[in-house]
Amino acid sequence: MARVIRLPDHGRLIVCTDLQGCLRDYRRIVEIFHETAAAHDGDAHLLFTGDLIHGPHLSPDEWPDFLGEYYRDASGDVVEAFADLAARNPGHVHALVGNHEHGHIGGPHTAKFAADEVSLLEDLLGQARTARLKEIIGEFALAAVAPCGAVFTHGAPAAEIASIRDVEGCDLQAFTGGSPLDILDTPVLGPILWARSADVDVARAFVRAMGGTISIYGHDVIPEGFECVGDEQMVVSTSFGVFDSNKVYLSLDLGAHYKRVQDLRIGREILPLYPDRALRSLGGQVPD
Ligand SMILES: [Mn+2]
């Protein structure tokens, strides 16, 4: 299957990065998607940029302060809710593979909150739900592109590619090593799923080869909600590792042309996930 989603040149696109099993934030972004669709005669899309799964399994007293508001991992529920939503809104709800999803379909097993998060989740889900999980994740893309200029990946745009075909034809089973340390050496797939940063020149070349102008990704935690890197890159934190006051999502005008990431504005394209709990610098009421 082609691993690149091609978004249209009209309508509104809601972008949500790393949820890591947070059902509350999943429900909130879906609510935003429905409100957006209602406001645009149904011409709205929702894109998850990977790592919908693998959150902490901690009790409230074990929870470290730096992880933001407490939640308990609900990975299975999040993925199944996503599949239901996508089925009810054909062609309008999309997801990219993150390094955490990849572990279930051929990638190295991640070890962020457990020694082997892939085995832990599959044990918790049991055989039938695990088969369903793999089926759902197996349909995820590696990148999305839009005529507005935006190119979406899970990790930083650090892959060296000649054209979009290198991503479209990428084999998710290409990783044959054993350790997550080896994955970055797997061309295209490794950097797209695991890179936390990209050199300005490499990022620019990647974005151009994909036919776009700006790169949007998550994977890393930006405590302030988002960060611009040069003119081409924006890292967004919608959920994981961030306090409610700082969580942001993007709402892009698919009919626009964004030349640089600075064209995305707070209050227009960059929006707080929880407006009534948001920092003043993100358009809310909470002192920074
Ligand atoms: Mn990730």
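Summarised in this report is the structure supplied together with it. These figures come from a predicted structure and were not determined experimentally.

1. Looking at the coordination of the manganese ion
- Looking at the metal site, the manganese ion is ligated by Asp 51 (OD), Asn 99 (OD1), His 154 (NE2) and His 219 (ND1), spaced 2.1 to 2.2 Å from it.
- Written as a sequence motif, the donor arrangement for the manganese ion is D-x47-N-x54-H-x64-H. Here Asp 51 is found in the loop between β3 (44-48) and α2 (75-88), whereas its partner Asn 99 is found in helix α3 (residues 99-102), with 48 residues between them in sequence. A single burial state applies to Asp 51 and to Asn 99, both of which are buried.

2. Observations concerning the environment of Phe 175
- With respect to the element layout, Phe 175 can be found in the loop between α5 (165-168) and α6 (180-183).
- Separated by 111 residues in sequence, Phe 175 and Val 286 have C-alpha atoms that sit 45 Å apart.
- Ignoring any residue separated from it by four or fewer positions in sequence, one finds Phe 175 in contact with His 102, Gly 106, Gly 107, Pro 108, Asp 182, Ile 183, Thr 186 and Leu 189.

3. Looking at the nonpolar core
- Of all hydrophobic cores here, the largest spans 56 residues; its most connected members are Tyr 26, Ile 29, Phe 48, Phe 82, Val 167 and Met 210.
- The dominant element in this core, judged by the number of residues it contributes, is helix α1 (residues 23-39), at seven residues.
- Residues contacting Tyr 26, with those up to four places away along its chain left out, are Leu 19, Phe 48, Val 78, Ala 81, Phe 82 and Leu 85.
- Listed in part, the 28 residues of the second largest apolar core include Leu 47, Leu 96, Met 234 and Leu 254.

4. Some remarks on the packing of α2 against helix α4 (residues 117-137)
- Look at α2 against α4: their axes get within 10 Å of each other, and the N-to-C directions meet at 20°. For the element pair α2 / α4, the angle class is roughly parallel. Judged by the sense of rotation from one axis to the other, the crossing of α2 with α4 is left-handed. Taken together, the residues of α4 that come into contact with α2 (itself represented by Ser 75, Gly 76, Asp 77, Val 79, Glu 80, Phe 82 and Ala 83) are Leu 121, Leu 125, Arg 129, Arg 132, Leu 133 and Ile 136.

Cut-off values and rules
Residues numbered from 1 in each chain as written. Predicted model: local features only at pLDDT ≥ 70, side-chain atom pairs only at ≥ 80, totals over all residues. Heavy atoms only, no water. Donors = N, O, S within 2.8 Å, 3.2 Å for Na, K, Ca; no water. Helix = DSSP H or I, 4+ residues; strand = E, 2+ residues; numbered from the N terminus. Buried < 20%, exposed > 50% of the residue type's maximum accessible area, 1.4 Å probe, protein only. Contact = heavy atoms within 4.5 Å. Core = buried A, V, L, I, M, F, W, Y, C linked by side-chain atoms within 4.5 Å. Axes fitted to C-alpha atoms, helices over the stretch in contact; angles between N-to-C directions. Parallel < 35°, antiparallel > 145°, perpendicular 65-115°, else oblique. Left-handed = near helix turned anticlockwise from the far one by under 90°.

All quantities given are derived from atomic positions and should not be read as evidence of function.
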